[in-house]
Amino acid sequence: MIPAHHPSDLLLAEFASGALDEASALVIAAHVAMCSQCRQAVADFECIGGMLLDQVDDGAFDAKRRAQALTAIPVDLPQQPALPRDLAGADGVEAMIDLYGRGPWRWIGPGVYRRGINLEDRGVRAFMLRGAAGTELPHHTHSGTELTLILKGEFSHELGRFQVGDLEEADGGIAHAPRIGNEECICLVAMEGTIRLKGLLGRLIQPFVRL
Ligand SMILES: [Zn+2]
């Protein structure tokens, strides 16, 4: 099954070129492992990147040759892109996370648990979140970018329904109040900055939420 929500082309291109921070790269690599469509996109970006570099090396890079390079992409690209070195050999998402190591599940709010992953790069942290069935998270915004990949279960909010394999890309401009579906939901998250809870309930529990 192909997930319904994918990373933006910009994120996939940054991932393919190795420009992403490591926590975001882990989340994108995990999505790519679950999504054949994005595997193909990453392979395409890697191919374009390689050809552009070749052109630059020739000292003859110009718009015409770039256009030729872009149209010369073969249709039968390999299905396995080169993931960041540490992630390439991992067999599945759990094995990718295990490359970094993780702490115990800790209670952070009603029905919600957080499990730290030993990974922080350029101010972006990786962790796992687990929410009990039916839990409604407080309305919140982000001070930075947040990437959330669903590993189990589902949640929905104003912007749609997110199921296993779906990736949500949220930034400070997006306020949402996710509600977890009828089974436990586990997510892999890369978060820059902190979340800001909104509303009276949010302000009351903000001191207890240690994301
Ligand atoms: Zn995808």
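Note that this is a predicted model, so its numbers are computed, not measured.

J.: Summarise the overall build of the protein; cite the residues concerned and give the values.
T.: Summing up its helical and strand segments, the protein has seven helices and eleven strands in all. The buried share among the 211 residues of the protein stands at 43%. Here the analysis covers contacts within the protein between residues at least 6 apart in sequence; of these, 66% occur between residues at least 24 apart. Surface accessibility of the protein: about 10,800 Å² in total, with carbon and sulfur atoms responsible for 54%.

J.: Requested: an account of the environment of Ala 133, with residues and values cited.
T.: Among the secondary structure elements, Ala 133 is positioned in the loop between strand 3 (124-131) and strand 4 (140-142). Distance in space between the C-alpha atoms of Ala 133 and Gly 181 is 5.7 Å, their sequence separation being 48 residues. Residues in contact with Ala 133, not counting those within four places in the same chain, are Ile 180, Gly 181, Asn 182, Glu 183 and Glu 184.

J.: Any details on the packing of aromatic side chains? Residues and values, ideally.
T.: Applying the stated criterion across every chain yields a total of one aromatic pair. Against the face of Phe 127 rests Arg 114, its NZ or CZ located 4.6 Å from the ring centre. One Lys or Arg, Arg 130, reaches over the ring of Tyr 113 and ends 4.7 Å from the middle of that ring.

J.: I'd like to hear about the packing of helix 1 (residues 9-17) against helix 2 (residues 22-34), residue by residue, with values.
T.: One way to put it is that helix 1 packs onto helix 2 with a least axis distance of 10 Å and a crossing angle of 105°. Of the possible angle classes, the one that applies to helix 1 and helix 2 is roughly perpendicular. The residues of helix 2 that touch helix 1, namely those facing Leu 11, Leu 12 and Phe 15, are Ala 25, Ile 28, Ala 29 and Val 32. Broken down by class, the residue content of the contact of helix 1 with helix 2 amounts to seven nonpolar, no polar and no charged.

J.: Quick one: what's the story with the sheet that holds strand 8 (residues 167-170), residue by residue and with numbers?
T.: Ordered by their spatial adjacency, six strands build an open sheet running 1-2-3-10-5-8, and the pairing between neighbours is antiparallel. Edge positions in the sheet fall to strand 1 (102-109) and strand 8, since each has one partner strand and no second. Taken over all neighbouring pairs, the strand axes of this sheet differ in orientation by 25° on average, direction set aside. Across six bridges, the pairing between strand 5 (residues 146-152) and strand 10 (residues 185-192) is antiparallel. Among the inter-strand pairings, Lys 152 is bridged to a residue of strand 10, identified as Ile 186. Sheet contacts for helix 2: strand 2 (112-121), strand 3, strand 5, strand 8 and strand 10; angle to strand 5, the most-contacted strand, approximately 40°.

Criteria and thresholds
Residues numbered from 1 in each chain as written. Predicted model: local features only at pLDDT ≥ 70, side-chain atom pairs only at ≥ 80, totals over all residues. Heavy atoms only, no water. Helix = DSSP H or I, 4+ residues; strand = E, 2+ residues; numbered from the N terminus. Buried < 20%, exposed > 50% of the residue type's maximum accessible area, 1.4 Å probe, protein only. Contact = heavy atoms within 4.5 Å. Areas by Shrake-Rupley, 256 points an atom, 1.4 Å probe, with all protein chains shown as cover. Phe/Tyr/Trp six-rings, centres within 6.5 Å; stacked < 30°, edge-to-face > 60°. Lys NZ or Arg CZ within 6 Å of the ring centre and 35° of its normal. Axes fitted to C-alpha atoms, helices over the stretch in contact; angles between N-to-C directions. Parallel < 35°, antiparallel > 145°, perpendicular 65-115°, else oblique. Nonpolar A, V, L, I, M, F, W, Y, C, P; charged D, E, K, R; others polar. Pairing = 2+ DSSP bridges.

Interpretation note: all reported values are geometric properties and have no functional meaning in isolation.
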